[in-house]
Structures are given as structure tokens and as C-alpha cells.
Amino acid sequence: MQIQSVRGFHDILGKDAKKFRKVSEIAREVLKLYNFEEIILPVVEYAELFQRSVGETTDIVQKEMFVFEDRKGRKLALRPEGTASTVRAFIQHKLYALRPYWKLFYEGPMFRYERPQAGRYRQFHQIGAEVFGVAEPHADAEIIKITYDILEKLRIKNVVVEINSLGCKKDREAYREALLEYLYGVKEELCSDCISRMERNPLRVLDCKVETCKEAVKESPKIVDFLCDECREHYEKLKGYLKALNVPFRENHNLVRGLDYYTRTVFEAVSDDLGLTLIAGGRYDYLVEELGGPPTPALGFALGVERLMLLLEDEEEGFKDVYFIIPFGDERVYEYALKVGDALRKQGKVVELSYRKGGLKKQLEFANRMRYKYAVIIGEDEVKEGVVTIKDMESGKQRKEKIIP
Ligand code: HAM
């Protein structure tokens with residue numbers, strides 16, 4: 001039987017591979033303008049890292065992690081996201097001891113056992129950025145502005161940035177009580193998952209994707225009404241900064257995000273066209289401490305490369321600036337053609353020596369089909385004269401040129 005790729009795991013090829021690289025290049029370009037440094041993280045971590053950060057009651061940890069044992073029986077996981085790993089690395093390498101604050105970014109595949117559909121895969125790619133050591137809301141504003149800049153540079157339209165504040169630990173305690181009381185009142189309408197995690201983590205109910213649960217929590221108490229003075233001030237300042245930066249946003253007081261580590265600011269850039277979140281993030285001021293580091297406020301975001309790719313237009317397929325060398329003759333011609341290729345590449349030209357067999361007509365047809373702009377024809381006469389014949393495939397014009405000095 002022919003072997004196919006695993007469900008939810010995809011090859012990315014042709015035009016899509018170009019789009020994939022474009023998202024990555026633009027995100028890197030923007031992150032460079034904000035002076036972020038790259039961190040290259042491993043794909044495998046101890047499963048416990050995600051249990052303790054993303055949270056035991058989240059869908060990601062409960063249902064979606066690829067967990068396996070290594071030969072010594074240690075429980076490992078394919079990373080479902082990059083924040084936990086970045087925090088782990090921040091603590092492990094004692095980065096906090098070296099500078100007052102850090103700005104790191106990462107790129108790579110993430111793995112979640114979700115039901116595959118358009119824009120949702122089991123292996124997908126994220127580009128994420130994390131800031132450590134900054135508590136003030138101007139950092140939140142910059143993180144949201146970065147996501148806005150990336151979307152703008154990619155010319156992705158119809159996206160709304162939604163924001164909310166989840167407050168600090170104290171605010172959450174008061175809110176928890178009020179929310180639980182409300183949830184008990186609508187318990188009949190909740191799914192079994194929500195009922196079982198309600199006591200342990202009532203906030204998760206607000207993030208449930210089941211329609212009846214979504215409907216049931218519409219009228220629930222809102223966390224913004226429970227914010228302490230500091231958290232409220234943080235949130236108000238953030239909104240002021242976003243306005244000053246001309247970043248359009250919408251407040252969504254039901255936005256809680258699917259991961260447990262968030263505090264204060266959370267946000268998502270949602271595509272109206274796809275009905276999916278493209279970029280998401282927020283603050284996680286306790287996570288570094290909870291994972292064994294010193295108290296360090298932190299925040300960040302991650303974008304889904306495949307989701308952004310779905311919204312990119314196809315590039316126009318014009319002629320490509322490729323020099324396609326067509327040698328015909330014996331090995332002397334090939335020797336000359338190899339040297340011509342070398343000389344052109346030294347000039348910075350993109351050169352392809354034809355590996356195709358067949359006469360000149362077939363070769364030119366092939367060059368045309370591949371949309372190569374220049375055919376570089378080399379026969380015995382050209383070798384004798386020390387030149388090449390260059391045919392411009394777009395205009396059809398032909399000229400002789402000396403390439404090798
Ligand atoms: P997240 O919301 O779980 O956040 O994922 C971020 C983005 O990854 C999503 O908005 C989406 O574009 C993409 N994504 C997630 N799951 C899938 C999937 N199954 N298929 C395709 N794309 C997907 C985080 O991961 C946090 N670590 C973000 C963060 C960074 N918060 C603070 N710092």
C-alpha cells in the first residue's frame with residue numbers, strides 16, 4: 001500500500017511553500033525592527049512543563065498533546081506551543097541575571113491533536129515573541145502593535161484585534177466566586193467537560209467551543225468588573241496607547257484564551273474571512289515564578305503561519321529572472337556551459353543548467369513553461385567564438401554576449 005502523510009500533518013509545497021516563507025520573512029522583518037533576538041527551541045520537552053504552564057484543565061493538556069515515553073520511561077511531549085519552552089529556557093539559562101529585560105522570538109512547528117479542518121492542523125507552525133521583565137502597559141501596546149504591523153505588511157484585511165483584561169490573582173479569586181455562582185445557575189446547559197472542570201477552573205467554561213456552553217455564558221459576570229485599581233489602570237493605559245498608535249481594537253469581555261497562564265492583558269487578532277484567530281497572546285506575570293524562576297512579569301504573542309498563508313493572495317506568475325543554460329554538443333560544450341554558469345552566478349544571477357534532454361525547440365518550450373526569462377544557448381559555434389546566445393523569452397529578442405572574460 002502507498003504510504004500517505006499522517007492525518008493533520010502536511011507537506012507544504014509549490015506556491016504554498018513561497019507563502020510560508022513570505023509570512024516568516026515579514027514577521028522576522030517586523031520583529032527585527034523591534035530588536036527582538038531569536039531563540040531556537042527544542043521540539044520535545046518534558047510533558048510536565050506544559051501541564052504546569054498551559055494548565056491541567058485546558059483542552060491542550062487534557063486532549064491535544066502528543067505525549068510519549070522515551071526509552072527510560074520519561075514522559076515527553078511534542079510541544080503544543082512556544083511560550084512554556086521560552087520560559088523554561090529563560091529560567092534554565094538564568095537570563096534574568098544578565099539583563100533587566102529580554103525580548104526573544106522563536107519560529108517552528110507545534111503539535112496539537114485537534115480535529116483537522118481548514119486552518120487547523122495537528123502539526124502547524126508558529127512565530128512567537130516573548131518579553132521578560134517588563135510590567136508596564138507600554139510593552140503590551142508594543143506587542144499588540146507588532147501583530148498589527150505584521151498583518152499590515154502582509155496586506156491581510158478584515159481582521160479585528162480583540163482585547164480584554166483577566167486581572168491579577170486577587171481579582172480572579174473574587175471573579176471566580178461570582179462566575180461559579182452564575183455557572184451553577186446554568187449548569188443544565190453546560191457540556192460534560194465544562195461541568196467536570198467548572199470547580200477546578202471556571203474560566204475554562206468561558207472558552208468552551210460547544211454552542212450550548214457559548215450561549216449559556218453570554219450573560220455571565222465579566223472579569224473587567226472585578227479588576228483592582230492597578231489592573232484597571234494598566235488596562236486603561238493600554239487602551240490609551242493603542243489609540244495613540246492608531247491600532248483599531250474591540251473590547252471582548254468574554255475573551256479568556258485557552259491557556260491558563262494569562263494575567264491582565266489578553267488579545268486575539270481574529271479574521272472575519274476565516275472565522276479563525278490568526279494571532280494571539282497576552283501577559284503571564286506569574287508564570288516565570290511558577291516554573292521556578294524569580295518573579296518576572298512577562299508577555300508575548302504567537303501567530304499561526306498556516307492561517308496567515310490562507311489569507312495571502314497568489315503572487316503573479318510573471319517571467320522569473322532565471323538564466324536557463326541550454327548546451328547542445330559534446331563534453332566541450334558542457335565544460336564551457338558549466339563555466340558560463342559559474343561566471344553568471346558570480347555576477348549574482350540565478351542560473352539553471354538544463355538537465356533536460358532533447359533538441360533546442362523542446363528546451364525553449366520548457367524554459368517558456370517554467371517562465372524563465374533568459375535562455376542561454378551554447379552550441380559549438382558559441383564555444384569557438386567565446387560567447388553565448390541569450391534569448392529574452394519575454395520579448396523574443398536574441399543577442400550574443402561574452403560572459404567568460
Ligand atoms: P494559541 O492561541 O494557542 O496561543 O496559538 C496561537 C496561534 O497559533 C493561533 O492564533 C493560531 O493562529 C495558531 N494555531 C493554534 N492552533 C492551531 C492549529 N491546530 N492549526 C493551525 N494553527 C493553529 C499560544 O500558543 C500562546 N503560546 C501565544 C502566546 C505567546 N501567548 C503569550 N505568548
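The shown structure was predicted, so the numbers you read here are calculated from the model rather than taken from an experiment.

Engineer: Mind showing me how you'd approach the sheet that holds strand β16 (residues 398-401) here?
Structural biologist: Backbone hydrogen bonds hold the strands of a sheet together, and the pairing may be parallel or antiparallel. Strand order in the open sheet made by the 5 strands is β13-β12-β14-β15-β16, with mixed pairing throughout. The open sheet has two free edges, formed respectively by β13 (350-353) and β16, since each of these has just one partner strand. For this sheet, the mean inter-axis angle between neighbouring strands, taken without regard to orientation, is 25°. In the packing of helix α14 (residues 360-369) onto the sheet, contacts are made with β12 (320-327), β14 (372-378) and β15 (388-392), and the angle to β12 comes to roughly 165°.

Engineer: Looking at this structure, how should I read the site of the ligand?
Structural biologist: Neighbouring residues of the ligand: 26 residues in total, closest Glu81, Thr83, Glu114, Glu130 and Tyr262. Measuring from a nitrogen atom of the ligand, one finds a side-chain N or O atom of glutamate 114 at 2.7 Å. Within the backbone of leucine 278, an N or O atom sits 2.9 Å from an oxygen atom of the ligand. Burial of the ligand by the protein chains amounts to 96% of its free accessible area of 650 Å². The set of elements that each furnish at least two residues to the shell around the ligand consists of β6 (123-132), β10 (276-283) and β11 (298-304). Looking at the shell around the ligand, the element that brings in the most residues is β10, giving 6 residues. In terms of residue class, the shell around the ligand is made up of 11 nonpolar, 8 polar and 7 charged.

Engineer: Would you mind going over unusual backbone geometry with me for this structure?
Structural biologist: Leaving glycine out, the prevailing phi sign among residues is negative, and the prevailing peptide bond configuration is trans. Although it is not a glycine, lysine 94 adopts a positive phi angle of roughly 50°. Examined against the element boundaries, lysine 94 turns out to sit in the loop between α4 (83-92) and β5 (102-111). For lysine 94, a relative accessible area of 49% corresponds to the partly exposed category. In this model, asparagine 246 sits at a positive phi of 60°, which is unusual for a non-glycine residue. With respect to the secondary-structure elements, asparagine 246 resides in the loop between α10 (229-244) and β8 (250-251). Residue asparagine 246 is classed as exposed on the basis of its relative accessible area of 61%.

The rules behind each value
Residue positions are counted from 1 within each chain, in the order its sequence is given. The predicted origin of the model limits local features to residues at a pLDDT of at least 70 and limits the giving and counting of side-chain atom pairs to 80 or more, whereas totals for whole chains, interfaces and linings rest on all residues. Side-chain numbers here rest on the full set of heavy atoms in the structure, without hydrogens or water. Two strands are counted as paired when DSSP detects at least two bridges linking them. Strands here mean DSSP runs of E at least two residues long; helices mean DSSP runs of H or I at least four residues long; both are numbered from the N terminus. Axes here refer to lines fitted to C-alpha atoms; in helices the fit is confined to the stretch in contact. Angles between the N-to-C directions go from 0 to 180 degrees. Contact criterion: two residues are considered in contact whenever any of their non-hydrogen atoms come within 4.5 Å of each other. Being near a molecule or strand, for a residue, comes down to having at least one heavy atom within 4 Å of it. By the criterion applied in these results, polar contacts are pairs of N or O atoms within 3.5 Å in which, for protein atoms, one can donate a hydrogen and the other can accept it, and in which residues neighboring in sequence qualify only through two side-chain atoms. Residue-level accessible areas treat just the shown protein chains as cover; the underlying method is Shrake-Rupley with a 1.4 Å probe. Amino acids outside the nonpolar list (Ala, Val, Leu, Ile, Met, Phe, Trp, Tyr, Cys, Pro) and the charged list (Asp, Glu, Lys, Arg) are all regarded as polar, and Gly is one of them. Exposure is judged per residue with a 1.4 Å probe applied to protein chains only, and the accessible area is read against the type maximum: over 50% gives exposed, under 20% gives buried, and values in between give partly exposed.

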